[in-house]
Number of protein chains: 2
Amino acid sequence: MSDTAALEPEYINEDHEALDEDYELTPAFVEKVVDAADDGDGIRLRSLLEDLHPADVADLMGFLTSEHRAVVVIWLPPELLAETLPELDDGIRDEVLERVTPGTLATALQELDSDDAAAVVEDLEDEQREAVLSAMPLLDRAAIESSLGYPEDTAGRLMQREVMAAPVFWTVGDTIDHVRSQQDELPELFFDIYVVDPLNKPVGGIPISWLLRAGRDMKLADLMEPVNEITVDQDQEEVAYIFEKYHLISAPVIDAAGRLVGQITVDDIVNIIQEENREDILRLAGVSDESRAAGVFGVVRSRIPWLIVNLGTAVFASLVIGLFEGELEALVSLAILMPVVASIGGNAGTQALTVAVRALASRELTSSNLLRIVSREVMVGLFNGGTIGALMAGVAWVWFGMPLLSLTIGLAVLINLVAASLAGTLIPVVLERLDRDPAVASPVFVTWITDSVGFLSFLGLAGLILL
Amino acid sequence: MSDTAALEPEYINEDHEALDEDYELTPAFVEKVVDAADDGDGIRLRSLLEDLHPADVADLMGFLTSEHRAVVVIWLPPELLAETLPELDDGIRDEVLERVTPGTLATALQELDSDDAAAVVEDLEDEQREAVLSAMPLLDRAAIESSLGYPEDTAGRLMQREVMAAPVFWTVGDTIDHVRSQQDELPELFFDIYVVDPLNKPVGGIPISWLLRAGRDMKLADLMEPVNEITVDQDQEEVAYIFEKYHLISAPVIDAAGRLVGQITVDDIVNIIQEENREDILRLAGVSDESRAAGVFGVVRSRIPWLIVNLGTAVFASLVIGLFEGELEALVSLAILMPVVASIGGNAGTQALTVAVRALASRELTSSNLLRIVSREVMVGLFNGGTIGALMAGVAWVWFGMPLLSLTIGLAVLINLVAASLAGTLIPVVLERLDRDPAVASPVFVTWITDSVGFLSFLGLAGLILL
């Protein structure tokens, strides 16, 4: 225990110290948990943890070592463990799940909505999954199995089956009475009521604040507005796009026959948006899925593939340089300056491709405006290439005092920046058309082109102009 | 008009063609709008536009040229114009606002919640702002001015003043009766009721689905749960973090004295999360704020600053190379191979820094685990450097048949990958400590280090080992 912690009076309520004013766990609190885990002091651990929000327990797990997590899991109250599971990083969740008995897990999962419970069960190994499911009541088990029947990353997997539906002929009063009498069947939280026809097909939706506001005699049919229906097989990225675009709080999910089978709420969508953004940003940097909890080899595995691919493109660029051995031997200044052309081209390419990948993801770059965007990029490449090329030509002139060398590098920069703009925009578009994720493969191709064009144009022009 | 459009029968309802099944505007629909705008056919324009969702009108604007937008703005119904304004990209919004008279704008803004109206007014030029505000009713004007009194990017600016508050001594029945009688004072949509004490300080919150479910005699004090209060001066990024972490749908905003002054809802938060992610991803790529609507010079302005900085670091790297003129003249293979070391180092640095920037943003990298993360990165650098270095040494051996040259490049790759891991992790952390945005400046510093260390280690080792 650190000195400052030792000096703290014992009577200060520990809950007040867990979080600082930014809702971050304080180092002092994390240390207390570590100390209690080291001492195997379960009573103290439980008193430290029991009043935390599940999201804070999940954060805490991320700051602990694997050994300390093992102790904490044992002492977490079961309901809190259940609510913490959906909040954990995948890597940490896998580890925690291995340490919990199927019986405890089966009890814990019954506390969760069907979508959250299914998200936990899908991560279990086959054997453990079987054991957990068979220890659950039949109805909960059926709900989870039906959820897992939908492909990963679809609306079916994301939705909760609990939903508030009302027949179209009901009044506001009927609906409120129904809610009061049917408490147990309903979702714990809901934000919209879905109005359905006799075939259970949604015909409208009503935000519950409208329901509160209306008189009891008002007919639902007069209050409802059209809803954006989600189909069970829609991709979660598509669902997130619809929620974001139309500012939805919840939306009904329908099956292939158009019948209401569940709902998706915006809190799940926030997670998906963050997850998709995280993936995009890491993929653009050449990092495949990397969990915070990953050990050294987890991180190595997530980063080395793109480094190996990059080794290939870098060697290719060296082969291009090798074509100009004569020029390099004749004039060593070429060797000194040539990385500048490739480096600036690489950066301009990264700019263009990042803008293009974002625009594709947010559907701002479509066939309706492709031509206009591409011609704008070419103009930008010409202008930036001209400016940066002129600057670099000036630097080279001052440094080497050779006007033709300056001309060569200026032109090479101009050519490479136009190539960078074009490649950075077109490569993501082509990959998207081929149904590939543009964030994954674009950087490789663009770097390849800017390196090769950079060395080829600079050394090639040097051969023509200088030697 | 294109051939396919000309062949379509006139009687098909145009609304059904505006969006395809992915909720994207169809090129055919955009073309119809363009044709109508070209013909100056206002009646047809209005019939095309009037049933669109404001978010779709905003998308449409993004696909039009500035000239066509000018025509469309004139024919948009005023209420639809009002609701479209908050959905527009900043660049396009500025342009649209210049084309609308203060009177029309003042009428339109009264249709919006106070936060959305303020967001539009803040973008106006001083003169136009004065004209619009003085054309508005006093109460609406006061609401907007009070909102604009809070600094940009704070909770005060983000919140809406309309909020559903109930005294702590009320019952569920009192609350529902109040909602039914006070319709006009309340927000159009609300998701939680805030329970306040006599000083108007929030003491709890109740999701309205709980209110529906409870009996009329239930006391609010028995139903409410603690709420996460937001203070007016909190940064919007901080607010988004709290919403995301605790899965909030809405939250009360309090002033410095702790009194309830407004609420923030999750739909605003989704926009902020997307905006912050967009900024992060573009900044990492060296692009400052770039609007889709920007013309060539807008794009140039957003990209050229980082290219100029990059020119500086690239010239610095060339100066490093210049130190080894003798070595390069003695052995041209050095010139051929040296870009490989810098390129792989640059990529490894980008990987490490992107992971670190993300971890800082999501608060997964804090003082509690910094040491552990940094030592993991060093191990990753050693392992990846060893692997890629060995591969490159092999390639160089096959290519040039010089064992010592292979050894040199292998070692240089190893050294540079460790440097990349360290710089990529520590530079963002240091920038964050200095209260700088790590996404903006980290890439410059990291590239600088990987370029310099790359050339220095390869050419320096070559001098020692080879020559």
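Everything quoted here is computed from the prediction, not taken from an experiment. Residue positions are counted from 1 within each chain, in the order its sequence is given. Starting at A for chains and at 1 for ligands, labels are handed out in the order in which the entities are written. The predicted nature of this model means local features are confined to residues of pLDDT at least 70 and side-chain atom pairs, given and counted, to a pLDDT of 80 or more, with totals for whole chains, interfaces and linings taken over all residues. The side-chain values count all of the structure's non-hydrogen atoms but skip hydrogen atoms and water molecules.

A short note on the pattern of salt bridges
Logical step 1: Any carboxyl oxygen of Asp or Glu that lies within 4 Å of a side-chain nitrogen of Lys or Arg is treated as forming a salt bridge with it. The full count for this structure, using the stated rule, is 30 salt bridges over all chains.
Logical step 2: Across the pair glutamate 24 of chain B and arginine 363 of chain A runs a salt bridge, and its minimum N-O distance is 3.6 Å. Residue glutamate 24 of chain B is located in the loop between α2 (15–18) and α3 (27–38), and its partner arginine 363 of chain A is located in the loop between α21 (332–361) and α22 (370–400); the two belong to separate chains.
Logical step 3: Only protein chains enter the accessibility calculation, which uses a 1.4 Å probe; a residue is then buried when its area is under 20% of its type maximum, exposed when over 50%, and partly exposed in between. Given a relative accessible area of 22%, glutamate 24 of chain B falls into the partly exposed group.
Logical step 4: Residue glutamate 145 of chain B is joined to arginine 141 of chain B by a salt bridge in which the shortest nitrogen-to-oxygen separation is 3.2 Å. In this pair, glutamate 145 of chain B and arginine 141 of chain B both sit in helix α12 (residues 138–148), 4 residues apart, roughly one turn of the helix.
Logical step 5: Within this structure, Glu24 of chain A together with Glu238 and Arg363 of chain B form a network of salt bridges that share partners. Numbered from the N terminus, helices here are DSSP runs of H or I no shorter than four residues, and strands are runs of E no shorter than two.

Description of the domain arrangement of chain A
Logical step 1: In terms of domain boundaries, chain A breaks down into domain 1 (3–153), domain 2 (165–271) and domain 3 (296–466).
Logical step 2: One C-alpha centre belongs to domain 1 of chain A, the other to domain 2 of chain A; they are set 32 Å apart. All the domain ranges listed were derived from an automatic or database domain assignment.

Focus: the environment of phenylalanine 400 of chain A
Residues and elements named next belong to chain A.
Logical step 1: For phenylalanine 400, the position within the fold is in helix α22.
Logical step 2: You can call phenylalanine 400 partly exposed: its relative accessible area is 22%.
Logical step 3: Sequence separation between phenylalanine 400 and serine 333 is 67 residues; the distance between their C-alpha atoms is 7.9 Å.
Logical step 4: Note on contacts: a residue pair is in contact if any heavy atoms of the two residues lie within 4.5 Å. Apart from residues no more than four positions distant in its own chain, phenylalanine 400 is found in contact with Ser333, Ile336, Leu337 and Leu405.

Things to note about empty space enclosed by the protein
The rolling of a water-molecule-sized probe over the atoms marks out the regions of remaining empty space.
Logical step 1: Using a 1 Å grid laid over the protein atoms alone, points where a 1.4 Å probe fits but cannot get out form a cavity; open sets with protein on both sides within 12 Å along at least 5 of 7 lines form a pocket; any residue with an atom within 4 Å of a point counts as lining. Grid points are joined across faces, edges and corners, and a volume is the space filled by probe spheres set on the points. Applying the stated criterion across every chain, the model contains 8 cavities of 30 Å³ or more.
Logical step 2: If you add up the space inside the largest cavity, you get close to 860 Å³.
Logical step 3: As for the largest cavity, its lining consists of 37 residues, of which Asn347 and Thr350 of chain A together with Gly346, Asn347 and Thr350 of chain B are closest to the centre.
Logical step 4: Those elements that place two or more of their residues in the lining of the largest cavity are α18 (266–284), α19 (296–322), α21 and α24 (438–466) of chain A together with α18 (266–284), α21 (332–361) and α24 (438–465) of chain B.
Logical step 5: Ranked by residue count, the leading element in the lining of the largest cavity is α21 of chain B, at 9 residues.
Logical step 6: Residues are grouped as follows: Ala, Val, Leu, Ile, Met, Phe, Trp, Tyr, Cys and Pro are nonpolar; Asp, Glu, Lys and Arg are charged; every other residue, Gly included, is polar. Here the residues of the lining of the largest cavity are counted per class, giving 22 nonpolar, 13 polar and 2 charged.

A word on the relation of the copies chain B and chain A
Logical step 1: C-alpha atoms of residues with pLDDT of at least 70 in both copies form the basis for the least-squares superposition of the copies. Laying chain B over chain A is done by rotating through 180° and shifting 0.0 Å along the axis; what remains is an RMSD of 0.1 Å. What we have between these two chains is a two-fold relation.
Logical step 2: The overlap is high: 99% of the interface residues of chain B also sit at the interface in chain A, so the same surface is used on both sides.

A short note on the side chain of glutamate 238 of chain B
Logical step 1: Here glutamate 238 of chain B is to be found in helix α17 (residues 236–246).
Logical step 2: You can call glutamate 238 of chain B buried: its relative accessible area is 11%.
Logical step 3: If we skip the residues at most four places from it in the chain, glutamate 238 of chain B touches Glu21 and Asp22 of chain A together with Arg363 of chain B.

Overview of the packing of helix α17 (residues 236–246) of chain A against α18 of chain A
Relative placement of two packed helices is described by the angle separating their axes and the distance separating the axes.
All names here are of chain A.
Logical step 1: Note on geometry: axes are lines fitted to C-alpha atoms, helical ones only across the stretch in contact, with angles between N-to-C directions running from 0 to 180 degrees. Direction vectors running N to C along α17 and α18 enclose 115°, while the axes themselves pass 10 Å from each other. Of the two possible hands of crossing, α17 and α18 adopt the one that is left-handed. For the pair α17 and α18, the contacting residues are Gln236, Glu237, Val239, Ala240, Phe243 and Glu244 in the first and Val266, Ile269, Ile272, Ile273 and Glu276 in the second.
Logical step 2: Tallied by class, residues from the contact of α17 with α18 come to 7 nonpolar, 1 polar and 3 charged. Crossings are sorted by hand: turned counterclockwise from the far helix by less than a right angle, the near helix makes the crossing left-handed, and turned clockwise it makes it right-handed.

Observations regarding the environment of threonine 231 of chain B
Residue and element names in this part refer to chain B.
Logical step 1: Along the polypeptide, threonine 231 turns up in strand β4 (residues 230–231).
Logical step 2: Measuring from C-alpha to C-alpha, the distance between threonine 231 and isoleucine 176 comes to 28 Å, with 55 residues separating the pair along the chain.
Logical step 3: Setting aside chain neighbours within four positions, we find threonine 231 in contact with Ala155, Val253 and Ile254.

Side note on the UniProt feature "transmembrane region" (unreviewed entry) in chain A
Residues and elements named next belong to chain A.
Logical step 1: UniProt positions are given in the numbering used here, feature names are shortened, and annotations may be inferred rather than shown by experiment. Cross-referencing UniProt, the feature "transmembrane region" (unreviewed entry) maps to residues 304–324, 330–357, 378–400, 406–431 and 443–466 in the present numbering.
Logical step 2: Counting secondary structure, residues 304–324 comes out at 90% helix and 0% strand; the distance between its end C-alpha atoms is 31 Å.
Logical step 3: Within residues 378–400, the helical portion is 100% and the strand portion 0%, while the C-alpha atoms at the span's ends are 31 Å from each other.

Section: unusual backbone geometry
All names here are of chain A.
Logical step 1: Of note, the phi angle at aspartate 153 is positive, near 65°, even though the residue is not glycine.
Logical step 2: A relative accessible area of 39% places aspartate 153 in the partly exposed class.
Logical step 3: In this structure, aspartate 435 takes a positive phi of about 65° despite not being glycine.
Logical step 4: You can call aspartate 435 exposed: its relative accessible area is 72%.

Some remarks on the sheet that holds strand β5 (residues 250–254) of chain A
Residues and elements named next belong to chain A.
Logical step 1: Here the rule is simple: two strands pair whenever DSSP picks up at least two bridges between them. Overall, mixed pairing links the 3 strands, which are arranged β4-β5-β6 in an open sheet. Of all the strands in the sheet, just β4 (230–231) and β6 (260–265) have a single pairing partner and so form its edges.
Logical step 2: Direction of pairing for β4 relative to β5: parallel, over a ladder of 2 bridges. Paired with threonine 231 across the strands is isoleucine 254, a residue of β5.
Logical step 3: Against the sheet, α17 makes contact with β4, β5 and β6, and its axis sits at roughly 65° relative to β6, the strand it touches most.

Digging into a negative patch on the surface
Logical step 1: Candidate patch residues must exceed 30% relative accessible area and have no salt bridge, after which like charges are joined if within 9 Å and Val, Leu, Ile, Met, Phe, Trp or Tyr side chains if within 5 Å. Only the protein chains shown count as cover for residues, and the accessible areas themselves come from Shrake-Rupley with a 1.4 Å probe. Charge assignment: positive for Lys and Arg, negative for Asp and Glu; neither His nor the chain ends contribute. Think of each charge as sitting on NZ of Lys, CZ of Arg, CG of Asp or CD of Glu. Among the surface-exposed residues, Glu79, Glu83, Glu111 and Glu188 of chain A together with Glu225 of chain B lie close enough to one another that they form a single negatively charged patch.
Logical step 2: Summarising the element assignment, glutamate 79 of chain A is placed in helix α7 (residues 78–84).

Concerning the interface of chain B and chain A
Logical step 1: Every contact between the two is made by 126 residues of chain B and, on the other side, 126 residues of chain A.
Logical step 2: Across the chain B to chain A interface the summed buried area is about 11,300 Å²; carbon plus sulfur atoms make up 64%.
Logical step 3: As used here, buried area is the combined drop in accessible area, with a 1.4 Å probe, of two parts when they are placed together. Counting the surface chain B buries against chain A, the share from its top three residues, Tyr23, Leu212 and Arg213 of chain B, is 8%.
Logical step 4: Joining chain B to chain A, the criterion identifies 8 salt bridges.
Logical step 5: For the salt bridge of arginine 303 of chain A with glutamate 377 of chain B, the shortest nitrogen-to-oxygen distance reads 2.7 Å.
Logical step 6: Nitrogen and oxygen atoms within 3.5 Å of one another constitute a polar contact, given that in protein one can donate a hydrogen and the other can accept it, and given that sequence-neighbouring residues count only through two side-chain atoms. For the interface between chain B and chain A, the tally reads 42 residue pairs in polar contact (both at pLDDT 80 or more).
Logical step 7: Here the side of chain B that touches chain A is composed, by residue class, of 69 nonpolar, 28 polar and 29 charged.

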